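Understanding the architecture of this molecule
Residue strings, one per chain:
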Amino acid sequence: MKATGAMTSVKAILVKASSTISHENNLPNQKGQKPVADIRQKLIDDGVIVDFVFKQDHEFSSTSTAASVILGRSANGMEMWRDENGASLDSFRE
């Protein structure tokens, strides 16, 4: 799987069309907020993701939600998203 994105604000990220997601879906049921599994399924139902590929750009309000949708598991977006040199987003906050 390979995903590309662009930061749109401090925590938001725009996932680019043609980014791929994992076939695995091990997202836990979360309490208090909309479960990421539901967000992933809605993107599939709405045709944003078809055959595990983003068919259009999609903005997420959270880098972690985007990373979790792509990986099919809980993920820390500030650690998982990396620039072309391999530096995590978290390293830019230091």
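Further up the page is the structure itself.
This section reports on the structure supplied with the text. (Residues numbered from 1 in each chain as written. Predicted model: local features only at pLDDT ≥ 70, side-chain atom pairs only at ≥ 80, totals over all residues. Heavy atoms only, no water.)

Quick look at the packing of aromatic side chains
Applying the stated rule across the entire model yields one aromatic pair. Judged by centre distance (6.3 Å) and plane angle (75°), the ring pair of phenylalanine 54 and phenylalanine 60 falls under edge-to-face. (Phe/Tyr/Trp six-rings, centres within 6.5 Å; stacked < 30°, edge-to-face > 60°.)

Considering the nonpolar core
Judged by nonpolar contacts, the single largest core of 20 residues is most densely connected at Val15, Leu43, Phe54, Phe60 and Trp81. Contributing elements (two or more residues each) for this core: strand 2 (13–15), helix 1 (36–45) and helix 2 (63–71). If you tally residues by element for this core, the top one is helix 2, at five residues. Every residue in contact with tryptophan 81, bar those within four places of it in the chain, is listed here: Ala3, Thr4, Gly5, Ile13, Val15, Thr63, Ala66, Ala67, Ile70, Ala87, Ser88 and Leu89. (Core = buried A, V, L, I, M, F, W, Y, C linked by side-chain atoms within 4.5 Å. Buried < 20%, exposed > 50% of the residue type's maximum accessible area, 1.4 Å probe, protein only. Helix = DSSP H or I, 4+ residues; strand = E, 2+ residues; numbered from the N terminus. Contact = heavy atoms within 4.5 Å.)

Some words on the packing of helix 1 against helix 2
In the contact formed by helix 1 and helix 2, the axes pass within 9 Å of each other and the chain directions differ by 65°. Relative to helix 2, the element helix 1 lies roughly perpendicular. Relative to helix 2, the crossing made by helix 1 is right-handed. Side by side, helix 1 and helix 2 meet where Val36, Ile39, Arg40 and Leu43 of the first sit next to Thr65, Ser68, Val69, Ile70 and Leu71 of the second. Of the residues belonging to the contact of helix 1 with helix 2, the class tally is six nonpolar, two polar and one charged. (Axes fitted to C-alpha atoms, helices over the stretch in contact; angles between N-to-C directions. Parallel < 35°, antiparallel > 145°, perpendicular 65-115°, else oblique. Left-handed = near helix turned anticlockwise from the far one by under 90°. Nonpolar A, V, L, I, M, F, W, Y, C, P; charged D, E, K, R; others polar.)

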